[in-house]
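For reference, the chains in residue letters:
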Amino acid sequence: MDSGPLYPAHLPPGTRVGPWRVLERRGWGTYGAVYRALGVEDMRGPVALKVALHPGDGRFAREVELLSRLRHPSVPRLVDHGLWQQPGGLAYPYIAMEWVEGASLYDWAQVQCPTSRQVLRVLASLARALEATHAAGGVHRDVKGDNVLVRAADGQVFLTDFGSGSYVGAERLTSPPFPPGTRPYRSPEAWLSVRLPFQPTATAYAPGAADDVFALGMTAYRLVTDDYPPTPALLNEVTHLWGPEGTGPVPPHGVNARCCVELSRLVSRMLCVRPEARGGAGELAEALEQAARSAGPESDVPLFTRKELPVEEARSVPPRERGPAPWSRLMAAASLGAAVALGAAWMLSAQPQEKTEQAQASATEEAKDGGAVAVGEAALTAPVPLTRAPSALSVIAVELPPKPLRWQLRPDASGRCAHRAHVSINGGCWVKVDISLRDCLEPYYEHKGACYGPAYPPPRPATSGPTERPGDEAP
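Presented here is a report on the structure given in the accompanying data block. Remember, predicted model here, so these are calculated numbers, not experimental data.

A closer look at the overall build of the protein
- Of regular secondary structure, the protein possesses 15 helices and 15 strands.
- Across the 475 residues of the protein, 57% fall into the buried class.
- When contacts within the protein are restricted to residue pairs at least 6 apart in sequence, long-range pairs at least 24 apart make up 70% of them.
- In the structure as shown, the protein presents an accessible area of about 19,900 Å², 55% of it carried by carbon and sulfur atoms.

See the structure below:
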């Protein structure tokens, strides 16, 4: 099995990686592939085995260093790490993590319909995990529900996917303006750090502990309301919310009256525009734990009600029928990225047909994908007995907006885009960009192991009146 060169994203069952033997692939992303594996000699495991797609990828060494500093019940344990040596001489880093059998936080919530008190306890556990991370000099940098697992056996919550994380003194690996992460969860101060016109020599924004707390607040808001608020990515349009004197989004209780006041207040605190007002993760954990103990009987009311359906049928019900707010208000792209993408994506739209046939063939499946982020342990989720396992690819891909951007080309009634080089995803036409995934930074999106940019019409002649910048979110 190890006699010939193998590509890390497609290791067949039985492949040996260090002291581990691959059982099955559970997902792959921009920087690595994840497998369920057992020990070769002693049958230890199973473990979540993550193998780098690029030889000598420095992200793996950084993730190992950060995880080796952490000992917390809500962080999967680092089991092993090393280099997988290919017969051709190339060495690929790998990491073996504690296997967690469970569902992502958002999938768990869809099935369980938790109460405010249950959510308070979940958030408290995650805040404690962040407290330990920050105490170790680290920052997670990609906190969100898709990077949280709820173990099926006992409901234990795990903060996963430290692949985007960093720590004090770590080597910088990312080009500006941002490190890896997920757009809706980035803080207002991160977006305010970007200045136009953007200079390639600018220093990338460095997220801190307050950014992790903000991302936890965004996670909580979506968990409680079944939706995102308008995100800080569109500061030009929602300065009254996220500007220096902004008020922040509508409190969760104002969106979902079933959310108890204590939970609503703490979520709003995490989403404060001023970073210092959010408080540290440890302080926040204490407040969440206290609220879980002292909240009244209203906190034991399920946050959502829905008609009881068989699980497979329930998962097919449109989101607006499952809760008080639709998913459709996600605003995931900054005007900065869309403006830059206008010219580049259109020029790339004339790619040869042979380069796009595969993308067109997979368009139907990709349109279903609303997943998120880098590569990490969240992709290693095993299904909760009550529900279908989420797509491993949807968990690790960078999240595309669930609706087209303003001015973005749309497919016709049959779901096909007019240009043969365009791919229909989430109601918009996208261009598969023929560049290395290492270079697939904003304004592009990493999606199912490929890089995409939004497709726009050709630029129109200038007019005498002001125009909106292409790429702004549709109303």
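Read on for the rest.
Some thoughts on the packing of helix H8 (residues 261–270) against helix H10 (residues 281–294)
- Between H8 and H10, whose axes approach to 10 Å, the crossing angle comes to 170°. As far as their axial angle goes, H10 and H8 are roughly antiparallel. Every residue of H10 that contacts H8 at Glu-262, Leu-266, Arg-269 and Met-270 is listed here: Glu-283, Leu-284, Ala-287, Leu-288 and Ala-291.
- Here the contact of H8 with H10 is built from residues that sort into six nonpolar, no polar and three charged.

A closer look at helix H3 (residues 116–135)
- Helix length check: H3, at 20 residues, gives a terminal C-alpha distance of 28 Å against a target of 28 Å (1.5 Å per residue), a fit within 8%.
- Taken from the residues just after H3, Gly-137 is the one with a positive phi, measuring 80°.

Some words on the packing of aromatic side chains
- Inspection of the entire model under this criterion finds three aromatic pairs.
- Ring geometry for Trp-84 and Tyr-92: centres 5.8 Å apart, planes at 45°, overall tilted.
- The exposure class of Trp-84 is buried, given its relative accessible area of 4%.
- We classify Tyr-92 as buried; its relative accessible area is 8%.
- Ring centres 5.6 Å apart and planes at 85° place the aromatic pair Tyr-185 and Tyr-228 in the edge-to-face group. Taken as a pair, Tyr-185 in the loop between strand E11 (166–167) and helix H4 (188–192) and Tyr-228 in the loop between helix H5 (209–225) and helix H6 (239–242) lie far apart in primary sequence, 43 residues in all. Of the two residues, Tyr-185 and Tyr-228, neither departs from the other in class, the shared state being buried.
- When the ring centre of Phe-60 is taken as origin, the NZ or CZ atom of Lys-50, which lies over that ring, is 5.5 Å away.
- Arg-222 extends its terminal NZ or CZ atom over the ring of Tyr-106, reaching a point 3.7 Å from the ring centre.

Considering the sheet that holds strand E15 (residues 450–454)
- Strand order in the open sheet formed by four strands is E12-E13-E15-E14, with antiparallel pairing between adjacent strands. Taken across any chain shown, the strands that pair with only one partner, and hence form the sheet edges, are strand E12 (422–425) and strand E14 (445–447). Across this sheet, the average inter-strand angle for adjacent strands is 50°, counted without regard to direction.
- Note that E12 and strand E13 (residues 428–433) share four bridges and pair antiparallel. Of the residues in E13, the one forming a bridge with Ser-424 is Cys-429.

So, the nonpolar core
- In this structure, Leu-120, Leu-123, Leu-216, Trp-242, Leu-263, Met-270 and Leu-288 are the most contacted members of the largest nonpolar core, which totals 64 residues.
- Listed in part, the 17 residues of the second largest apolar core include Val-17, Tyr-35, Val-47 and Tyr-94.

Quick notes on the state of the cysteines
- Scanning the entire structure with this criterion turns up one disulfide.
- A sulfur-sulfur distance of 2.1 Å marks the disulfide that ties Cys-417 to Cys-429. What sets the handedness of the Cys-417 and Cys-429 disulfide is the S-S torsion sign, and at about -110° it is left-handed. On the criterion of sequence distance, the pair formed by Cys-417 in the loop between helix H15 (392–396) and E12 and Cys-429 in strand E13 is long-range, its members being 12 residues apart. Cys-429 shares its class with Cys-417; the two are buried.

With respect to the pairing of strand E3 (residues 32–39)
- With seven of eight residues buried, E3 lies mostly within the body of the structure.
- In sequence, strand E2 (residues 20–28) turns back onto E3 through a hairpin of three residues.
- Judged from the six bridges that link them, E3 and strand E4 (residues 47–52) form a sheet pairing that is antiparallel. Along E4, the bridge assignment pairs Val-34 with Lys-50.

Quick look at the pairing of E13
- Of all six residues in E13, five are buried; the element is thus mostly enclosed.
- Taking the residues that link successive antiparallel strands as the turn, the E12-E13 hairpin has two residues, and the phi of Asn-426 there is positive, at about 50°.
- Where E13 meets E15, four bridges bridge the pair, whose relative direction is antiparallel. If you follow Val-433 over to E15, its bridge partner there is Cys-451.

Side note on the sheet that holds strand E1 (residues 16–17)
- The sheet built from six strands is open, its strands ordered E1-E2-E3-E4-E6-E5 with antiparallel pairing. Of all strands in the sheet, those bounded by a partner on one side alone are E1 and strand E5 (78–85).
- In the sheet, E2 pairs with E3 via seven bridges, with the strands oriented antiparallel. Residue pairing for E3: Trp-20 is matched across the bridge by Gly-39.
- Relative to the sheet, helix H1 (residues 58–68) contacts E3, E4, E5 and strand E6 (91–98), its axis offset from that of E6 by approximately 30°.

Calculation rules
Residues numbered from 1 in each chain as written. Predicted model: local features only at pLDDT ≥ 70, side-chain atom pairs only at ≥ 80, totals over all residues. Heavy atoms only, no water. Helix = DSSP H or I, 4+ residues; strand = E, 2+ residues; numbered from the N terminus. Buried < 20%, exposed > 50% of the residue type's maximum accessible area, 1.4 Å probe, protein only. Contact = heavy atoms within 4.5 Å. Areas by Shrake-Rupley, 256 points an atom, 1.4 Å probe, with all protein chains shown as cover. Axes fitted to C-alpha atoms, helices over the stretch in contact; angles between N-to-C directions. Parallel < 35°, antiparallel > 145°, perpendicular 65-115°, else oblique. Nonpolar A, V, L, I, M, F, W, Y, C, P; charged D, E, K, R; others polar. Expected span 1.5 Å × (residues − 1). Phe/Tyr/Trp six-rings, centres within 6.5 Å; stacked < 30°, edge-to-face > 60°. Lys NZ or Arg CZ within 6 Å of the ring centre and 35° of its normal. Pairing = 2+ DSSP bridges. Core = buried A, V, L, I, M, F, W, Y, C linked by side-chain atoms within 4.5 Å. Disulfide = S-S within 2.5 Å.

Keep in mind that these numbers describe shape and distance, not what the molecule does.
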